[in-house]
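Single-letter residue listing:
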Amino acid sequence: MTAETRAPSDAPDYRSPLASRYATKAMLANFSDRRRALLWRDLWIALARAEAELGLAISSEQITALERSREQIDFDRVAALEAELRHDVMAHVHHYGEVAGADAGKIIHLGATSCFVTDNAELVMIRAGLELIMDRLYTSLRQLGEFAERWRAEPIQAYTHFQPAQLTTVGKRACLWAQDLGYDLETLEQLVARLPLRGVKGTTGTQASFLQLFAGAEDPHAKVRALDQRVCAAMGFSGSIPVSGQTYTRKLDTWVVSALADIAGSAAKFATDLRLLAHEREVEEPFGSKQIGSSAMAYKRNPMRSERICSLARFVHSLASSPRETHANQWLERTLDDSANRRLVLTEAFLATDAILNLVVDVTAGLEVNPAMLRKNMADELPFMATENVMMRAVEAGGDRQALHEQIRVLSQEAAGELKAGRGNDLIARMRADPQLGAHVDDASLDPARYVGRSPEQVDEYLAGLAQLLDRHRAREGRFTARVRV
């Protein structure tokens, strides 16, 4: 049984959770059995038409018959043929000949090898899948950009090692998330631009069979080159891979799945940060009015979407090593140990990444910021941050920097003890009472905006660059709306 044929109606009914629960309908349709079979037929039609245009004895009636019967696919009949022939492509060739008629059936697959349809169709689906992923990245980036702009100057506790550190802003942190996804969009942009078709290469990539078909032409090599170019153009590609064995180099698969794994990593970084922030009740993913966080603890607001992003990302990451192994183990012009692996890995990687970005779009559309919690969580740390400014002013007034540093260190340790005991941070009061420091503690010492540096300006500068990236992909506007199936 292959990915192209359907299981008998009495077979156990199992569907991958990616298909039944997580991935979007558009991505499922792109990698569906019917989509694959139709692409095979498109390739056979394109090949026949190009061969006819270049002088082979293929009639317009034969091509019309192929076009007319293109969508007549009986997958049960294909499965029966495959069980008999033990060859998936030939099962489809025979079935297509049955529905197109004997005369048209004679010219299906003329000069081609199985990889003419399998590899070329996969590259078409891969490119279409990358376009769908870019639609989701575009929407995620636009929404994160809008969020960052809205909260550009809102102070929030920053963390290094998940320990309190110098403040940042909500908008600045959102730019960190967007920047990673923006790099991913640019990577896919370049990958799609470089992705070739396998084209018309023959059994071992030498084009020998096609050269034989045009042996009587004045310049058979020119005919074969033109055949390759015409089929590529018919399938929407500007060109084919320069050289191949029986298959296109599996190096392309490593590029694609590695890029998908990178996207999963960016999404998981965002989701992990959001899970940590949700613990602090500072920024949270959207939570439905009737959503249940726990079957036992009715008060819970578990970050379910973010957790699912991380879970699916781990799966995509686990797939990334497989194409490298497949590429490394393709003996000479090719072996067949790539086939079953690729049918699983390529499709599942796309479906899982699609599911991840569906969730990212959903989350970024409804991120919730809790300013009161931001202020509450900063309150305990702001006095420590104020110490450097207080010390600098005291030094400017003639104080001894090292002696002031030691006094602040002592007072800070005492205040930290009070904080750990649950009595709050009284460091400002301690410094005000100190004869060397008191005159240099002003009322603005606890203003969070004094400690965010250039965060608001960095948001503005980043968003200006993001706007240029989004402008290049403006045609994607409105092409994707998240629909999360729980």
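Here, the structure is the one placed above.
Residues numbered from 1 in each chain as written. Predicted model: local features only at pLDDT ≥ 70, side-chain atom pairs only at ≥ 80, totals over all residues. Heavy atoms only, no water.

Asks: I'd like a description of the overall build of the protein chain, backed by residues and values.
Replies: Each helix and strand in the protein chain was counted, giving 20 helices and four strands. Relative to its length of 486 residues, the protein chain is extended, with a C-alpha radius of gyration of 31 Å against a globular reference of 23 Å. For the protein chain, the spread of C-alpha atoms along the three principal axes comes to 105 × 55 × 40 Å. Counting across all 486 residues of the protein chain, residues that qualify as buried make up 51%. Contacts in the protein chain between residues far apart in sequence, at least 24 positions, make up 78% of those at least 6 positions apart. Accessible surface, the protein chain as shown: approximately 23100 Å² in total, 51% of it carbon and sulfur. Taken together, the 59 basic and 65 acidic charged side chains of the protein chain have centroids lying 3 Å from each other. (Helix = DSSP H or I, 4+ residues; strand = E, 2+ residues; numbered from the N terminus. Rg over C-alpha atoms; globule rule 2.2 N^0.38 Å. Buried < 20%, exposed > 50% of the residue type's maximum accessible area, 1.4 Å probe, protein only. Contact = heavy atoms within 4.5 Å. Areas by Shrake-Rupley, 256 points an atom, 1.4 Å probe, with all protein chains shown as cover. Lys, Arg positive; Asp, Glu negative; His and termini not counted. Charge placed at Lys NZ, Arg CZ, Asp CG, Glu CD.)

Asks: Lay out the environment of Met-134 in plain terms, naming residues and giving numbers.
Replies: Note that Met-134 resides in helix 8 (residues 114-150). Look at Met-134 and you get buried, because its relative accessible area is 2%. Expressed as a C-alpha distance, the spacing of Met-134 and His-473, which sit 339 residues apart in the sequence, is 8.7 Å. Beyond its immediate stretch of four places on either side in the chain, Met-134 contacts Leu-185, Leu-188, Glu-189, Val-192, His-473 and Arg-476.

Asks: Please set out the pairing of strand 1 (residues 155-160) residue by residue, giving values where relevant.
Replies: Where strand 1 lies against strand 2 (residues 163-169), five bridges are found, and the strand directions are antiparallel. When the bridges of strand 2 are listed, Ala-158 appears paired with Ala-165. Taking the residues that link successive antiparallel strands as the turn, the strand 1-strand 2 hairpin has two residues, and the phi of His-161 there is positive, at about 60°. (Pairing = 2+ DSSP bridges.)

Asks: Got a sec to walk through the packing of helix 12 (residues 251-279) against helix 13 (residues 304-319)? Specific residues and values, please.
Replies: Two numbers describe a pair of packed helices, the interaxial angle and the distance between the axes. It is at 8 Å that the axes of helix 12 and helix 13 come closest, and there the two elements cross at 155°. By the angle between their axes, helix 12 is roughly antiparallel relative to helix 13. The handedness of the crossing between helix 12 and helix 13 is left-handed. Contacts between helix 12 and helix 13 involve Val-257, Leu-260, Ala-261, Ala-264, Gly-265, Ala-267, Ala-268, Ala-271, Thr-272, Leu-274 and Arg-275 from the first element and Ser-306, Glu-307, Ile-309, Cys-310, Ala-313, Val-316, His-317 and Leu-319 from the second. A breakdown of the residues in the contact of helix 12 with helix 13 according to their chemical character gives 13 nonpolar, four polar and two charged. (Axes fitted to C-alpha atoms, helices over the stretch in contact; angles between N-to-C directions. Parallel < 35°, antiparallel > 145°, perpendicular 65-115°, else oblique. Left-handed = near helix turned anticlockwise from the far one by under 90°. Nonpolar A, V, L, I, M, F, W, Y, C, P; charged D, E, K, R; others polar.)

Asks: Explain the side chain of Asn-358 to me, using residue names and the numbers behind them.
Replies: You can see Asn-358 is positioned in helix 15 (residues 339-364). Those residues in contact with Asn-358 that lie beyond four places of it in its chain are Tyr-22, Thr-24, Phe-480, Ala-482, Arg-483 and Val-484.

Asks: Tell me about the pattern of salt bridges, and name the residues and values.
Replies: Overall, the coordinates contain 35 salt bridges when judged by the stated rule. Here Asp-338 ties to Arg-250 by a salt bridge, and the two come within 2.8 Å at their closest N and O atoms. Taken together, the residues span a long stretch of sequence, with Asp-338 in the loop between helix 14 (321-328) and helix 15 and Arg-250 in the loop between helix 11 (220-234) and helix 12 at a distance of 88 residues. Summarising the burial analysis for this pair, Asp-338 and Arg-250 share the class buried. Of the charged contacts in the structure, one is a salt bridge between Asp-338 and Arg-334, with a shortest N-O distance of 2.8 Å. (Salt bridge = Lys/Arg side-chain N within 4 Å of Asp/Glu carboxyl O.)

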